[in-house]
Amino acid sequence: EEVLDQEYHLEEVTDWPESPLQLGQVSGLALDSDDNLVIFHRGDHQWGVNSFDNSGKYQQQSLGPIQQSTILVVDPVKGSVLKASGRNMFYLPHGITTDKDNNYWVTDVALHQVFKLSSDGRDTPLVVLGEAFEPGSDKEHFCKPTDVAVDPVTGNVYVSDGYCNARILKFSPEGTYLSHWGAGSSDRRRRVQFRIPHSLVFLPDRRELCVADRENGRIQCFVAESGEFVKEIKKQEFGGEVFAISYAPVHGGLIYAVNGESAYGRSAPLKGFVINYSTKEILDDFSPENFGMPHDIVVTKDGRVFVGDAATDSVLKFSSDSKSTLTKV
Ligand SMILES: O=C(N[C@@H](O)C(=O)O)c1ccccc1
């Protein structure tokens, strides 16, 4: 009898993009409603050791905003640039996501702000949260906010805040503060103490929010409405740091993650991981020749994976061309 023995494995699509993209440090990736790739990058600005003072204040305001287009919409098949926007607005781009109306929600760690932008190329800020260049940790201030996730049903907006705060805030679609959890909130559950909540993903089929709790090298998931803790995924294979996560509501729910260099020596090889959300088992891992600092990850409806690298200033594409083989038994 013949059984179909399918060996799925993500492999780099080395001939993507067909022609090089002019990118600076790639900090964030998103997908629009047509599954086009949206790249958020830093042009000629760089986040270096002297970018901030020890109170989180950005030191290079005199550079002015990045003049290149920081938001590129790119064809997922060829890699050609379809749209370019986000000029003269940002200093140090970080996270990006799209909402169900194809607006962009982005964070800038130098401005300590979150923006909702129309994706019609006019870059009109529709919502602005935080005070420009003013770090803080109350309801109107962030400190190097890292990412945004939007609930497609309620439109509620979640912000991971950030490098110098350790909390998740929830806002209404219009940007009214609703609640927050992690540092500074009333709950004292020791297990919810983030160390750089670095990346967010909303799980539409479970109505949960998962967080890449970077320096704790773990993923934590919460009931989005309430912030109630649901589960933690922490794997030896991550080493000490998880930089970014994504999710596909298929095969019972798949979490995609990239790890990072650990400053504390517990490093593991830099890789992407495909994890079964329910069993927490690693189903696949993948890497190109050279991951520098994999910084964000997205997965398309047809299972293509893109990783943005903030050290090699590039975006890498991976695809799982199943090598199904027929095995005689
Ligand atoms: O984490 C850092 N950077 C990346 O996450 C990023 O570039 O977003 C960083 C931290 C300290 C100094 C310089 C860079």
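Residues numbered from 1 in each chain as written. Predicted model: local features only at pLDDT ≥ 70, side-chain atom pairs only at ≥ 80, totals over all residues. Heavy atoms only, no water.

### What to know about the pattern of salt bridges
Scanning the model with the defined rule gives 13 salt bridges in all. Of the charged contacts, one joins Asp-302 and Arg-304 as a salt bridge, the two residues approaching to 4.0 Å between their closest N and O atoms. One salt-bridge network, held together by shared partners, links Asp-213, Arg-218 and Glu-232. (Salt bridge = Lys/Arg side-chain N within 4 Å of Asp/Glu carboxyl O.)

### Some words on the site of the ligand
Arg-42, Trp-47, Gly-48, His-94, Tyr-163, His-198, Arg-214, Met-293 and His-295 make up every residue found near the ligand. Take His-295: an N or O atom from its side chain is 2.9 Å from an oxygen atom of the ligand. Protein burial of the ligand: of its 360 Å² of free accessible surface, 77% is covered by the chains. Mapping the ligand onto the cavity grids shows that it belongs to the second largest pocket. Grouping the constituent residues of the shell around the ligand by class yields three nonpolar, four polar and two charged. (Near = heavy atom within 4 Å. Polar contact = N/O pair within 3.5 Å; in protein donor to acceptor, adjacent residues only side chain to side chain. Areas by Shrake-Rupley, 256 points an atom, 1.4 Å probe, with all protein chains shown as cover. 1 Å grid on protein atoms, 1.4 Å probe; cavity = no way out; pocket = protein on both sides within 12 Å on 5 of 7 lines; lining within 4 Å. Sits in = over half its atoms within 2 Å of the grid points. Nonpolar A, V, L, I, M, F, W, Y, C, P; charged D, E, K, R; others polar.)

### A closer look at the sheet that holds strand E21 (residues 272–276)
Taking strand neighbours across the sheet as the criterion, the four strands line up as E19-E20-E21-E22 in an open arrangement whose pairing is antiparallel. Because the sheet does not close on itself, it has two edges, and the strands there are strand E19 (241–248) and strand E22 (282–286). For this sheet, the mean angle separating the axes of adjacent strands, direction not counted, is 20 degrees. Note that E21 and E22 share four bridges and pair antiparallel. (Pairing = 2+ DSSP bridges. Helix = DSSP H or I, 4+ residues; strand = E, 2+ residues; numbered from the N terminus. Axes fitted to C-alpha atoms, helices over the stretch in contact; angles between N-to-C directions.)

### Digging into the layout of surface pockets
Approximately 1,200 Å³ is the volume found for the largest pocket. What lines the largest pocket is a set of 46 residues, among which Leu-31, Ser-246, Tyr-247, Ala-248 and Val-299 lie closest to the centre. For the lining of the largest pocket, the elements supplying multiple residues, two or more each, are strand E3 (26–31), strand E7 (93–98), strand E11 (145–150), strand E15 (197–203), E19, strand E20 (254–260), E22 and strand E23 (294–299). Its residues assigned to classes, the lining of the largest pocket comprises 26 nonpolar, eleven polar and nine charged. Roughly 160 Å³ of internal volume is contained in the second largest pocket. The wall of the second largest pocket is formed by Gln-25, Arg-42, Trp-47, Tyr-163, Arg-214, Phe-243, Met-293, His-295, Ala-310 and Ala-311. (Points joined across faces, edges and corners; volume = space filled by probe spheres on them.)

### Some remarks on the state of the cysteines
Here a disulfide denotes one covalent bond, and it connects the sulfur atoms of two cysteines. This structure, assessed with the given rule, holds two disulfides. At a sulfur-sulfur separation of 2.1 Å, the disulfide partner of Cys-210 is Cys-221. Disulfide Cys-210-Cys-221: the torsion about the S-S bond is 105 degrees, which places it as right-handed. With a gap of eleven residues between them, Cys-210 in strand E16 (residues 208–213) and Cys-221 in strand E17 (residues 218–223) connect regions that are remote in the sequence. Judged by relative accessible area, Cys-221 falls into the buried class, the value being 0%. If one numbers only the bonded cysteines of the chain, in the order they occur, the disulfide pattern is 1-2, 3-4. (Disulfide = S-S within 2.5 Å. Buried < 20%, exposed > 50% of the residue type's maximum accessible area, 1.4 Å probe, protein only.)

### Concerning the sheet that holds strand E6 (residues 81–85)
Pairing in this open sheet of four strands is antiparallel, and the strands run E3-E4-E5-E6 from one edge to the other. The open sheet has two edge strands with one neighbour each: E3 and E6. Pairwise comparison of adjacent strand axes, ignoring direction, gives a mean angle of 20 degrees for this sheet. Relative to strand E4 (residues 37–41), E3 is paired through five bridges, and the arrangement is antiparallel. What sits directly across from Leu-29, in E4, is Ile-39.

### Structural notes on the packing of aromatic side chains
Taken as a whole, this structure holds 20 aromatic pairs when the rule is applied. With a centroid separation of 5.8 Å and 70 degrees between ring planes, the pair formed by Phe-194 and Phe-222 is classed as edge-to-face. Here Phe-194, found in the loop between strand E14 (177–182) and E15, pairs with Phe-222, found in strand E17; they are 28 residues apart in sequence, far enough to count as distant. By the burial criterion, Phe-194 is buried, and Phe-222 matches it. (Phe/Tyr/Trp six-rings, centres within 6.5 Å; stacked < 30°, edge-to-face > 60°.)

### Considering the pairing of strand E8 (residues 104–108)
Within E8, five of the five residues are buried, which leaves the element mostly enclosed by the surrounding structure. Residues Tyr-104, Val-106 and Asp-108 point to one face of E8 and Trp-105 and Thr-107 to the other, with burial holding for every one of them. Summarising the sheet, E7 and E8 pair through four bridges and their orientation is antiparallel. Each bridged residue has a counterpart across the sheet, and for Ile-96 the counterpart in E8 is Val-106. Linkage of E7 to E8, two consecutive antiparallel strands, is achieved through a turn of five residues, within which Asn-102 is found at a positive phi near 65 degrees. Inspection of the sheet shows E8 paired to strand E9 (residues 113–117) by five bridges, in the antiparallel sense.

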